[in-house]
Amino acid sequence: MILLTEDIRDQLLANGRQRDVDHLPVVKFFNPVGAGTWLITEMEADGDTLFGLADLGFGCPELGSCSLAELTSARLPFGLGIERDILFQATFPLSVYAEAARQAGSIVESDRLLHAAAATLRDRR
C-alpha cells in the first residue's frame with residue numbers, strides 16, 4: 001500500500017511549515033497484525049521525518065517524530081506492512097487525541113473519550 005498520496009504529502013508538508021498550530025491529524029497508519037498506531041500531522045522538508053502521536057502498544061502513547069522510510073520498510077508477518085487507514089477522518093486537533101490517549105493508555109477514537117479530553121484541555125486553558 002502507498003502510505004502517502006500526493007494530496008496527503010502536500011498537506012503534511014504545509015502543516016510542517018506552521019509549527020505553532022495544533023493541527024488535525026492528516027493520516028493514520030496502523031500495524032494490521034499487531035500493536036502500532038500513528039496519527040500524523042506534519043512532515044519536515046526532508047520528506048521523511050513525520051510528527052504526530054505514536055502508540056506502539058506499551059500503554060504510553062507519545063508525541064514525537066518518526067521516519068516515513070522506516071514505516072514503509074517495515075516487514076510484518078504474512079508479507080504485510082504498515083498500512084494507511086483510508087477511512088480515517090480527524091475530528092479534533094492532535095492535542096485532543098494525545099490527551100485522550102494519555103487518559104486511556106492508547107490511541108483511542110471513541111467519541112466519548114475524545115470529547116472528554118477536549119473538555120479537559122478547555123478547562124486547563
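One can find the structure itself at the top, above this paragraph.
Okay, so let's go over this structure. (Residues numbered from 1 in each chain as written. Predicted model: local features only at pLDDT ≥ 70, side-chain atom pairs only at ≥ 80, totals over all residues. Heavy atoms only, no water.)

Observations concerning a nonpolar patch on the surface
Defined as follows: Patches here are clusters of residues that have more than 30% relative accessible area and form no salt bridge, with a 9 Å joining cutoff for like charges and a 5 Å cutoff for nonpolar side chains (Val, Leu, Ile, Met, Phe, Trp, Tyr). Each accessible area value is a Shrake-Rupley result obtained with a 1.4 Å probe; residue values ignore everything except the protein chains displayed when judging cover. Salt bridge criterion: a side-chain nitrogen from Lys or Arg within 4 Å of a carboxyl oxygen from Asp or Glu. Every helix listed is a DSSP run of H or I at least four residues long, and every strand listed is a run of E at least two residues long, numbered separately from the N terminus.
A grouping of Met1, Ile86 and Leu87 is seen on the molecular surface, where their side chains present a nonpolar patch of about 390 Å² in accessible area. Relative to the helices and strands, Met1 resides in the segment before helix H1 (6-16).

What about the pattern of salt bridges?
Opposite charge on two side chains permits them to pair, given that their charged atoms come into close proximity. Definition in use: Only protein chains enter the accessibility calculation, which uses a 1.4 Å probe; a residue whose area is less than 20% of its type maximum is buried, one above 50% is exposed, and one in between is partly exposed.
Counted under the stated rule, the structure contains 4 salt bridges. Across the salt bridge formed by Arg102 and Glu99, the nearest N and O atoms sit 2.6 Å from each other. Here Arg102 pairs with Glu99, and both are found in helix H3 (residues 94-104), just 3 residues apart, close to one helical turn. The partner of Glu99 in a salt bridge is Arg124, and the shortest N-O contact between them spans 3.2 Å. Of this pair, Glu99 sits in helix H3 while Arg124 sits in helix H4 (residues 111-124); the two residues are 25 residues apart in sequence, bridging distant segments of the chain. Given a relative accessible area of 5%, Glu99 falls into the buried group. Several salt bridges share partner residues, and in doing so they unite Glu99, Arg102 and Arg124 into one network.

Some words on the pairing of strand E2 (residues 37-43)
Heads up, the condition is: Paired strands are those between which DSSP finds at least two bridges.
Burial analysis of E2 places 7 of its 7 residues in the buried class, the great majority of the element. Bridge count between strand E1 (residues 27-30) and E2: 4 bridges; the pairing is antiparallel. Bridge pairing in E2 places Phe29 opposite Trp38. In sequence, E1 turns back onto E2 through a hairpin of 6 residues, with Gly36 there showing a positive phi of about 130°. One ladder, built from 6 bridges, connects E2 with strand E3 (residues 49-55); its direction is antiparallel. Its bridge partner being in E3, Leu39 is matched across the sheet by Leu53.

Some thoughts on the sheet that holds E2
One open sheet accounts for 5 strands, arranged E4-E3-E2-E1-E5; its pairing is antiparallel. Each having just a single partner strand, strand E4 (62-67) and strand E5 (83-84) make up the two edges of the open sheet. Of the strand pairs in this sheet, E3 and E4 are connected by 6 bridges, and their pairing is antiparallel. Bridge pairing in E4 places Leu50 opposite Cys66.

Observations concerning H3
Count 3.6 residues to each turn of an α-helix, and residues three or four apart come out pointing the same way. Our working rule: In this description, contact between two residues means that some pair of their heavy atoms is separated by no more than 4.5 Å.
Within H3 the residues assigned to the buried category are Leu94, Val96, Tyr97, Ala98, Glu99, Ala100 and Ala101. Where H3 is buried, its residues meet E2, E3, E4 and H4.

A closer look at the packing of aromatic side chains
Let me state the cut-off plainly: Pairing of aromatic side chains requires ring centres within 6.5 Å, counting the rings of Phe and Tyr and the six-membered ring of Trp. Pairs whose planes differ by under 30 degrees are stacked, by over 60 edge-to-face, and all others tilted.
Enumeration over the complete set of coordinates arrives at 2 aromatic pairs. Aromatic pair Phe92 and Tyr97: ring centres 6.4 Å apart, planes at 75°, arrangement edge-to-face. Tyr97 shares its class with Phe92; the two are buried. Within the aromatic cluster, the residues linked to one another by ring pairs are Phe88, Phe92 and Tyr97.

Quick word on the side chain of Arg84
Put simply, the rule is: Neither His nor the chain termini are counted; the positive set is Lys and Arg, and the negative set is Asp and Glu. The term polar contact refers here to a pair of N or O atoms within 3.5 Å; inside protein, the definition further demands a hydrogen-donor-capable atom paired with an acceptor-capable atom, and it admits residues adjacent in sequence only when both atoms are side-chain atoms.
As for its position among the elements, Arg84 is in strand E5. For the buried Arg84, which has no salt bridge, the nearest side chain bearing the opposite charge is Asp85, at an N-O separation of 8.2 Å. A polar side-chain atom of Arg84 sits 3.0 Å from the main-chain carbonyl oxygen of Leu3. Arg84 has contacts with Met1, Ile2, Leu3, Thr5, Ile8, Val27, Lys28, Phe29 and Phe30, leaving out every residue within four places of it along the chain.

On their own, these measurements won't tell you what the molecule is for.
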